[in-house]
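The residues making up each chain are set out below.
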Amino acid sequence: MSMSWPTDSFTRAERRALAQPDRATGPAKPQWLTLGAWRNTALGAGGLLALLVLWWLGTDVLASPDGFIRHFSPTTAIPKLIVLLSGPDLPVHILVSLRRVLVGLGLALLVGVPLGLAIGSFQRLNSATSPAFQFLRMISPLSWMPIAVMVFGVGDDPIYFMLAFAAVWPIVLNTAEGVRRLQPAWLSLASSLAATRWETLWHVILPGVLGHVLTGLRLAIGIVWIVLVPCEMLGVSAGLGYFILDTRDRLAYSELMATVLMIGLLGFLLDAGARALYRLATRSHAA
Amino acid sequence: MTQLAFHTSRHEALALETPVLQARDVALRYPGQSRATIEGFDFALAPGETVSLLGSSGVGKSSLLRVLAGLQSPTSGTVTMNGAPLDGVHPRVAVAFQDPSLLPWLTLEKNVAFGLDFKHQPKQSRTESEARVEMAIREVGLTQSRRKFPAELSGGMAQRTALARCLARKPEILLLDEPFGALDEVTRTEMQHLLLKVVRDFRTAAILITHDIDEALLVSDRILLLGGAPASVIGEWRIDLPKPREDFIAELGAIRVDILSTLRDTAPRRAA
């Protein structure tokens, strides 16, 4: 009996191409190059533009000529933002705020990832901690403020504590979920190669949960950025939250609105950064 | 115990050599279970020999393989490799499962190299392990795809990669747990031929777990039929025919009939 030896069976992409011959022209484009992706980007940009127009209509076109709300119009806020960004103050406040976010997230990762690994690995620990975490998670981080100041003193430390406290939950929960979703085959592989516990953790478990950790991190960034501003309104003399109150006290309303705009812009960029990081880390997994 | 013809001098020669792997009176009973999974399993694997453990699903084949691989200690009895008791996973025993178990964040090449630098593996230089990886990938014919990620590989290519990962260890014994079970017929035949080539090129002994009688007939020097509960060997056949064996359908057919009738004869005993 003679055997024909096909060099290899088909890859998934080839099978898809075979199933839909009319679409099988040339190599597949990366997702961001496809028509659908462009359309979504255009729609998103249109939505942002609509928001800007609404803002402008509400504070400028439709506002009464001597209305107080005119102080918050984009026609003054946007030029003011450019002036502020080239001045000495705002960049410093931005850097202070970003540093707090980074330290808070770093602490949350440091505590949250090992905790999540442990909870994901031991079902009993999960059962024991789950209600307690749900309880702690629902306490607004800001309500810890007086206690945090009494314990950690005035300055950055209580802010780090509150940010880390706010950020740790999505990281713990997502890391634990990542551990539960690890493929048993990967762990069998590690034991069949006589991997030590440490090697299994470092080469299989950590890379295996990375995607989930980054999802948790992205949620944490969203929470931290929202909690940051009110945190900075209490007992510190730098940061975007402080600067908001400062502009109010100086009656510099266009600066206030410019800072609000800046907060939104930075949050948007942080989230985009987190998403890019996630895509980068999981790019090889997608078929 | 059923014994069939095809005894030859070659097999008698094989039997005289020191076995690479030997199991003596192995029993396995999982805690909390009233009945043992495996009982009274005696087995010796000669160097370079390919043995199939054939049995229906759920008979305990995979548990047995885990014991032979050192992944699971037997409840009683001993497993020795080259005369020394097998204490955990031996670096020169390579295991492949039905799931190719490729890590999706590593390229094909890195997947093949995976674990070569683990603490319990023999120490070797970077160039040495790179050479081994390259050789293993060439052996399974995937040199062109070595920078691809698992998501870009077909099922057959993934299983070849898993086989290459075994080969990079220069194994003395290959343990294969239904490695081709999830593949289509054509890819499966390719993989069976590849296995024959690998066993020949690497002079490795192999144990293949399968529930496919034809697969066992095509690749093995010896077939052990497992049956009963607890499982034990209910039949043994030596096949001394040159490989590949597609030209010996008549001879294989006779053994096939014999295996099937042994299975049928033991069925009532299993039910009792």
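Residues numbered from 1 in each chain as written. Chains lettered and ligands numbered in written order. Predicted model: local features only at pLDDT ≥ 70, side-chain atom pairs only at ≥ 80, totals over all residues.

### Quick look at the overall build of chain A
Right, so step 1: Counting secondary structure elements, chain A contains eleven helices and zero strands.
Right, so step 2: The N-to-C order of helical and strand elements in chain A reads α-α-α-α-α-α-α-α-α-α-α.
Right, so step 3: Counting every position in chain A, which comprises 287 residues, the buried fraction comes to 30%.
Right, so step 4: Counted over contacts in chain A with a minimum sequence separation of 6, partners at least 24 positions apart contribute 71%. (Helix = DSSP H or I, 4+ residues; strand = E, 2+ residues; numbered from the N terminus. Buried ≥ 20, exposed ≤ 12 C-beta atoms within 10 Å, placed from the backbone. Contact = placed C-beta atoms within 7 Å.)

### Things to note about the pairing of strand β1 (residues 21-28) of chain B
Residue and element names in this part refer to chain B.
Right, so step 1: As judged from the five bridges shared by β1 and strand β2 (residues 38-45), these two strands associate in the antiparallel manner. Along β2, the bridge assignment pairs L28 with I38.
Right, so step 2: Looking at chain direction, β1 and strand β4 (residues 76-81) are connected through five bridges and run antiparallel. Counted as the bridge partner of R24 is T78 from β4. (Pairing = 2+ DSSP bridges.)

### Brief notes about the sheet that holds β1 of chain B
Right, so step 1: The sheet built from four strands is open, its strands ordered β2-β1-β4-β5 (chain B) with antiparallel pairing. Looking at strand neighbours, the two that pair on one side only are β2 and β5 (84-85) of chain B, the edges of this open sheet.

### Quick look at the packing of helix α5 (residues 155-167) of chain B against helix α6 (residues 185-202) of chain B
Residues and elements named next belong to chain B.
Right, so step 1: In the contact formed by α5 and α6, the axes pass within 11 Å of each other and the chain directions differ by 15 degrees. Our classification of the angle between α5 and α6 gives roughly parallel. Considering how the two elements wind past one another, α5 and α6 form a crossing that is right-handed. When α5 is examined against α6, the residues G155, G156, Q159, R160, L163 and L167 are found in contact with a partner set consisting of T187, E190, M191, L194, V198 and F202.
Right, so step 2: Looking at the contact of α5 with α6, its residues break down into six nonpolar, four polar and two charged. (Axes fitted to C-alpha atoms, helices over the stretch in contact; angles between N-to-C directions. Parallel < 35°, antiparallel > 145°, perpendicular 65-115°, else oblique. Left-handed = near helix turned anticlockwise from the far one by under 90°. Nonpolar A, V, L, I, M, F, W, Y, C, P; charged D, E, K, R; others polar.)

### Some points on the sheet that holds strand β9 (residues 222-227) of chain B
Residue and element names in this part refer to chain B.
Right, so step 1: With mixed pairing, six strands are arranged side by side in an open sheet as β6-β7-β8-β3-β9-β10. For this open sheet the edge positions go to β6 (93-96) and β10 (232-238), each flanked by a neighbour on one side alone. Averaged over all pairs of adjacent strands, the angle between their axes in this sheet comes to 15 degrees, without regard to strand direction.
Right, so step 2: Relative to β10, β9 runs antiparallel, the two being bridged by six bridges. Bridge pairing in β10 places I223 opposite W237.

### Quick look at the confidence of the model for chain A
All names here are of chain A.
Right, so step 1: In the predicted model, chain A carries a mean pLDDT of 86, and the fraction of residues at 70 or more is 88%.
Right, so step 2: Taken element by element, the predicted model of chain A shows its lowest mean pLDDT in helix α1 (residues 12-19) (49) and its highest in helix α4 (residues 89-121) (95).
Right, so step 3: Low confidence marks residues 1-10, where pLDDT is under 50. Its contacts with residues over four positions away, or in another chain, come to 16 contacts.
Right, so step 4: Ignoring residues within four places in sequence, the model shows residues 17-27, a span with pLDDT below 50, making two contacts including any to other chains. (pLDDT = per-residue confidence, 0-100.)

### Observations regarding the nonpolar core
Right, so step 1: Counting residues in each nonpolar core, the largest one holds 77 residues, and the members touching the most others are L45, L68, A164, L175 and I207 of chain B.
Right, so step 2: Top contributing element to this core by residue count: α5 of chain B, with seven residues.
Right, so step 3: For L45 of chain B, the residues in contact, after removing those within four places along its chain, are P19, V20, L21, V51, I173, A205 and I207 of chain B.
Right, so step 4: Counting residues in hydrophobic clusters, the runner-up holds 56 residues, among them L109, I171, L173 and I244 of chain A. (Core = buried A, V, L, I, M, F, W, Y, C linked by C-beta atoms within 7 Å.)

### Focus on the domain arrangement of chain A
All names here are of chain A.
Right, so step 1: Domain boundaries in chain A define domain 1 (30-62) and domain 2 (69-282).
Right, so step 2: A C-alpha centroid distance of 27 Å is found between domain 1 and domain 2.
Right, so step 3: Taken together, the five residues of domain 1 in the interface contact six residues of domain 2.
Right, so step 4: A class-by-class count of the residues in the side of domain 1 that touches domain 2 yields three nonpolar, one polar and one charged. (Domains from an automatic or database assignment.)

### Remarks on the domain arrangement of chain B
Residue and element names in this part refer to chain B.
Right, so step 1: Per the domain assignment, the segments making up chain B are domain 1 (9-92 + 173-271) and domain 2 (101-170).
Right, so step 2: For domain 1 versus domain 2, the separation of C-alpha centres amounts to 25 Å.
Right, so step 3: Tallying the contact residues gives 14 residues for domain 1 and 14 residues for domain 2.
Right, so step 4: At seven residues, α6 tops the list of elements feeding residues into the side of domain 1 that touches domain 2.

### Examining helix α7 (residues 156-180) of chain A
Given 3.6 residues per helical turn, the α-helix brings residues three or four places apart onto the same face.
Residue and element names in this part refer to chain A.
Right, so step 1: Here α7 contains 25 residues, and its C-alpha end-to-end distance of 36 Å stays within 8% of the 36 Å for a straight helix at 1.5 Å per residue.
Right, so step 2: At V168, α7 is deflected by roughly 30 degrees, the largest bend along its length, and proline P170 occurs up to four residues later in sequence.
Right, so step 3: Counted residue by residue, α7 has 21 buried out of 25 residues, so it is predominantly covered. (Expected span 1.5 Å × (residues − 1). Bend = angle between axes of the 7 residues up to and from the residue.)

### Focus on the interface of chain B and chain A
Right, so step 1: Counting residues at the interface gives 31 residues for chain B, matched by 24 residues for chain A.
Right, so step 2: Only α5 and α6 of chain B provide two or more residues apiece to the side of chain B that touches chain A.
Right, so step 3: If one sorts the elements of the side of chain B that touches chain A by residue count, α6 of chain B sits on top with four residues.
Right, so step 4: When the residues that make up the side of chain B that touches chain A are grouped by side-chain class, the tally is 15 nonpolar, ten polar and six charged.

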